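A look at the structure
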Amino acid sequence: MAVPSLTEKSTPPAAAAGADDPPILDVRGLWKVFGPRADRVVGTPLAQLSRAELKHRTGCVAAVRDVSFSVRRGEVFVVMGLSGSGKSTLVRCLTRLVEPTAGEVRLDGEDVLACGERRLRELRRHRFGMVFQHFGLLPHRRVLDNVAYGLEIRGTKKDGRYERAREVLELVGLAGFEGSYPDQLSGGMQQRVGLARALAVDPEVLFFDEPFSALDPLIRREMQNEVIRLHREVGKTMIFITHDLSEALKLGDRILIMRDGALVQMGTPDQVVGAPADDYVRDFVSDVPRSDVLTLSWVMRDARPGEPLDGPELAPDTVIRDAARTVLSAGRPVKVVSGGALLGVVTTAEILEVIAGPDPGNPDSPGGESR
Amino acid sequence: MTAVPTTPATATAGAAAPGSAGGRRRLRGRYLAVLILAAWVLLSVVLKGRDTLALGGAELTPLHTRLNEGMDAIDAGRNSNPLFLYFINYIRLFLDESVTFVQALISQPSFGRPVPVVGWLGVTGVATAVALLYGNRKVAALTAAGFAAFGLLGLWEESMDTLALTLTAVVLSLAVGIPLGIWAGLSDRVNRVVTPVLDVMQTMPTFVYLAPLTLFFLIGPASATVATMVYATPPVIRITAHGIREIPVNTLEASTSLGSTPAQALRKVRLPLAKRTIIVGANQTIMAALSMATIAALIDAPGLGKTVLKALQTLDVGTAFNAGLAIVIMAIVLDRVTSAAGRRVEAERRAGRARGPRARRIEVGLVLAAAAVLVYLSHVYVWAAKFPGEARLGSYVKQGAGAASEWVQDTLVTYTDALKNLVTYGLLNPFQSLLAGSPWWLVALVVVALALLLAGRRAAIIAGVSLVLLVLLGLWHDSMVTLATTLVATLIVMVLGVVAGVWMGRSGRVDQVLRPVLDAGQTMPAFVYLVPILGLFGATRFTAIIAAVAFAAPVSIKLVAEAVRGVSPTAVEAATAGGSSTWQLISKVQLPMARAGITLAASQGLIYVLSMVVIGGLVGAGALGYDVVAGFSQYPLRGKGLAAGLAIVVLGIMLDRIMRAAAQRAAARPASQ
């Protein structure tokens, strides 16, 4: 894409996965309690109460309860939970659209919660971008002016902001619609405008608050692919809120699952599906086709003595479904190799076992902990 | 006697499931209320005529005399008191000058010329140009026709006087109201302070503050402007605040997340999005200002209102109708143009201007140039300055209306008399003798007891305090007479409201037919329909009741229709599927479920009726209304007039609070059928 400023700071996602880099966003012990005198809850015995009990005792609702995580540069970090689980509140706490009750949020080491009004505005204008579920477009402005809005309020001259807005509109595939008004566009196109508006200010971190849940399924899939493409092209750090597990698995480098305001599990998609932290998550992922998510490292076994080891080689992070054809046509064990070292082998039996589903008699089989 | 307006509520409450504790308590309350009323009727017969605190028309109490003296003192202080010298007198001067200036422009001979600066052609041209540029071609044509009609009716000068007063008041109201509304929209605290003040401004009958205003601003344009502003500013404040407040949260959030300052959010998000709503507020303000500007004729405001008032006093139906027609035309023109402007803003907001900025600039330039030419012509040539012709249309209208009214009076006299007698002897007289003929302490006791029973302790306390105030004001008897007419009028309003409202709520076609009629009834200044009613029924209490009903019924009908339409369609469908007849459906499902809305309709109807009390005084209702009117015109009675105005406010507050509390109770009850 001919959008230099977008790619300038980008880091290839592969490199970003290195866990040693300092995280771009670091969240520690974050709380958000709504209600009368909400500040008296955190750090007292009240904080131990369940949500319902807390509501009963104090009239307060703990929307986010002691959540900690860090997001790596260039990563797509998905926060998933059902409605009411506090995920939207959580993401709003990160940019202080909702003021957190307690905790710590650091952007590149800077304490976001300690920022004054002016500094916070600076962060929002230059480093954060956000895409909303209901778009939040300004109906009285043309698409071009909507996209240029963020630049306008930070004082960019007209020519500059229009030029930039046109670039971004092209990037999201809306070239030619600059003069339209939001109401004249379909839902999917409106969300592209929302996306372009967030991208226009060239932020470092992009927040998505259930951006596609108001769209119909086909458009949703198209937009998900669009996000994957954009991430590949511009390599922004993305924090993505969704209630849709398949969306989370499709987009996320890592997934944080929330329930009743608290963190239930955090991990890569295959960790969440392969090793659910509790019954809640297990129930959640029970419908997921495992072969689409689990990688070979979840099913490989040690080579038995005498087994032929001249078959094809695959990496341990290959998704089972992608490996299936190779394994099935190989006619002998396929080697799982990483950095030249043999980690194990996979045969037709292991592949079929995942596809057939778990064996109730053998709960230790890979992913066999469900139902 | 507050039981009467709540009849729908109590009637349905009686059908509540008797098994539940609440149901039993309600039933007991109802029996008690009936018992109290029965005891009252019995006692009133025994104690008839005792302690009624009646006060003759010219009699004064010490309080009234003291009020007179107080007002004299204010009069005397006008040129010495620093508050007047440095504050009020300047405001008065400013307002007087403003109105006079606009009058000099468009209505009165000025600057040594025998005609105003801009003649009829120029004014019509400018008005049409404005309508064309902000509205559309249709309303521009309507504007041109409307302004031409003022001339044809022979009322050009009067119309322009009214327009001058209205426009001045509107400009000042908007200048005050829009910023205040924005502030109230942004700040919860300001909103909490402003709302009750607006409540009082809007529920207080306008006539109540007309007379006191003249104390401070003297009779004339300044008082009229202030009165009009008091009446016309609340809508724009309220609606602007609402518009600023109702901006979708996620739009604002999106703007904040991009780092906009509060000022930027206001300028770039809230104001553009609220523009349409603010124009709706301006429209309401303009309509309110027009109706008040005509009523302000009572304190000698120039214009059409004065013509109507004079005609009313001489019972000249033709002339009054002619001027009334001009008022209606002006109301229609102003309403349609501002509505069209609002729609245009909305359409442009959603889809951009129909034409590019260049084409628009050319259009504006051409239209303004044409208007400027017309203004110049009307400044220079007499034919364009003074409306030509003999105003034939006006005399035809006068003759026609006069003849029609005579014919109607002659032909319908049997029916109208029958109706009048039925209401007067069947309802009004018994009511009045009960309220005004019983000892004051008995009435007060009954009202407080009923308020306690139907509306709770708070309402009972307010009722008690209000009744004591009425006694202290020295106008107990007059208050009770007024209360009797008010309640009868409200009863009629509610019968009409329920019948027509249910009909409208159930049938889309009836709604389509009735709604414009009701809209017209609501926007039309009250003076206008007084004339034919007065022609039909003469100057009696009944005329006052009919005028009040005509004023209040549209609101109640609309509210009832809204409530009936709001009944859950599933419930209606289920009842229909269960085999209910239409009557069963109405009486067992729709009315009970619309109970809260109907109570609201009753309470609003009552407030509207009450605000017509003074007009009623003009057409023969006597009592408080007459006291206020007499206070305007007779020097020794002005203290009493002021007290009567206060008594109306007290009555209004008392009834409003009782009704509201009763309505809240009705809404809180589960619909238990």
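Residues numbered from 1 in each chain as written. Chains lettered and ligands numbered in written order. Predicted model: local features only at pLDDT ≥ 70, side-chain atom pairs only at ≥ 80, totals over all residues. Heavy atoms only, no water.

As recorded in an unreviewed UniProt entry, chain B goes by the name Glycine/betaine ABC transporter permease, listed as coming from Sphaerimonospora thailandensis.

Named according to an unreviewed UniProt entry, chain A is Glycine/betaine ABC transporter ATP-binding protein originating from Sphaerimonospora thailandensis. According to its UniProt record, chain A has this under Sequence similarities (unreviewed entry): "Belongs to the ABC transporter superfamily." (UniProt positions renumbered as here; feature names shortened; annotations may be inferred.)

Looking now at the sheet that holds strand S13 (residues 341-346) of chain A. Residue and element names in this part refer to chain A. Pairing in this open sheet of 3 strands is mixed, and the strands run S11-S12-S13 from one edge to the other. Two strands bound the open sheet, and with one partner strand each, they are strand S11 (313-314) and S13. Two elements, S11 and strand S12 (residues 334-338), share 2 bridges in a ladder whose sense is parallel. Looking across to S12, one finds that Glu-313 is bridged to Lys-335. The strands touched by helix H14 (residues 320-330) are S11, S12 and S13; relative to S12, the strand with the most contacts, the crossing angle is about 135°. (Pairing = 2+ DSSP bridges. Helix = DSSP H or I, 4+ residues; strand = E, 2+ residues; numbered from the N terminus. Contact = heavy atoms within 4.5 Å. Axes fitted to C-alpha atoms, helices over the stretch in contact; angles between N-to-C directions.)

For the rest of this paragraph, the subject is the pairing of strand S8 (residues 237-242) of chain A. Residue and element names in this part refer to chain A. The element S8 is largely enclosed, with a buried count of 6 among its 6 residues. Pairing between strand S3 (residues 76-80) and S8: 5 bridges, direction parallel. Counterpart to Val-79 in the pairing with S8 is Ile-241. Pairing of strand S7 (residues 205-209) with S8, which is carried by 5 bridges, proceeds in the parallel orientation. Following the sheet pairing, Leu-206 is matched in S8 by Met-238. (Buried < 20%, exposed > 50% of the residue type's maximum accessible area, 1.4 Å probe, protein only.)

What follows covers the domain arrangement of chain B. Partitioning chain B into domains gives domain 1 (7-67 + 404-668) and domain 2 (89-113 + 157-301). On a C-alpha basis, the centres of domain 1 of chain B and domain 2 of chain B stand 30 Å from each other. (Domains from an automatic or database assignment.)

A few words on the packing of aromatic side chains. Residue and element names in this part refer to chain A. Under the criterion given, the structure shown has 11 aromatic pairs over all chains. Following the ring pairs from residue to residue traces out a cluster consisting of Phe-208, Phe-212 and Phe-240. Positioned above the aromatic ring of Tyr-162 is the side chain of Arg-161, whose terminal nitrogen or guanidinium carbon lies 5.8 Å from the ring centre. (Phe/Tyr/Trp six-rings, centres within 6.5 Å; stacked < 30°, edge-to-face > 60°. Lys NZ or Arg CZ within 6 Å of the ring centre and 35° of its normal.)

Turning to empty space enclosed by the protein, a few remarks are in order. All names here are of chain B. This model, assessed by the stated rule, comprises 5 cavities of 30 Å³ or more. Lining the largest cavity are 16 residues; nearest its centre among them are Thr-485, Thr-486, Ala-544, Val-613 and Ala-621. Every element with two or more residues in the lining of the largest cavity is listed here: helix H20 (476-506), helix H23 (541-565), helix H27 (613-618) and helix H28 (623-633). Top contributing element to the lining of the largest cavity by residue count: H20, with 4 residues. (1 Å grid on protein atoms, 1.4 Å probe; cavity = no way out; pocket = protein on both sides within 12 Å on 5 of 7 lines; lining within 4 Å. Points joined across faces, edges and corners; volume = space filled by probe spheres on them.)

Glancing now at the environment of Gln-313 of chain B. Residue and element names in this part refer to chain B. On the secondary structure map, Gln-313 appears in helix H13 (residues 304-313). Overall, Gln-313 belongs to the exposed group, its relative accessible area being 58%. The sequence separation of Gln-313 and Phe-111 amounts to 202 residues, and the corresponding C-alpha distance is 34 Å.

This part covers the packing of helix H5 (residues 120-134) of chain B against helix H15 (residues 357-380) of chain B. All names here are of chain B. Contact geometry for H5 and H15: axes closest at 7 Å, N-to-C directions at 165°. The orientation of H5 with respect to H15, classified from their angle, is roughly antiparallel. For the pair H5 and H15, the sense of crossing is left-handed. Residues Leu-121, Gly-122, Gly-125, Val-126, Ala-129, Leu-132 and Leu-133 of H5 lie in contact with H15, whose contacting residues are Arg-360, Glu-363, Val-364, Val-367, Leu-368, Ala-371, Leu-374, Val-375, Leu-377 and Ser-378. When the residues that make up the contact of H5 with H15 are grouped by side-chain class, the tally is 12 nonpolar, 3 polar and 2 charged. (Parallel < 35°, antiparallel > 145°, perpendicular 65-115°, else oblique. Left-handed = near helix turned anticlockwise from the far one by under 90°. Nonpolar A, V, L, I, M, F, W, Y, C, P; charged D, E, K, R; others polar.)

It is worth spelling out the sheet that holds strand S6 (residues 128-131) of chain A at this point. The strands that make up a sheet pair up through hydrogen bonds in the backbone, lying either parallel or antiparallel. Residues and elements named next belong to chain A. An order of S6-S7-S8-S3-S9-S10 is seen for the 6 strands of this open sheet, with the pairing classed as mixed. One side of each edge strand has no neighbouring strand; the edge strands of this open sheet are S6 and strand S10 (262-267). Going from strand to strand, the sheet's axes swing by 15° on average, the running direction of each strand aside. Its contacts with the sheet put helix H8 (residues 187-200) on S6 and S7, and the angle it makes with S6 is roughly 175°.

The next thing to look at is the side chain of Gln-265 of chain A. Residue and element names in this part refer to chain A. By the element assignment, Gln-265 lies in strand S10. A polar atom in the side chain of Gln-265 sits 2.9 Å from the backbone oxygen of Ala-275. Within the local environment of Gln-265, its side chain forms a polar contact with the backbone nitrogen of Ala-277, the two atoms lying 2.9 Å apart. Those residues in contact with Gln-265, other than ones at most four positions away along the chain, are Ile-255, Leu-256, Ile-257, Gln-271, Val-272, Ala-275, Pro-276, Ala-277 and Val-281. (Polar contact = N/O pair within 3.5 Å; in protein donor to acceptor, adjacent residues only side chain to side chain.)

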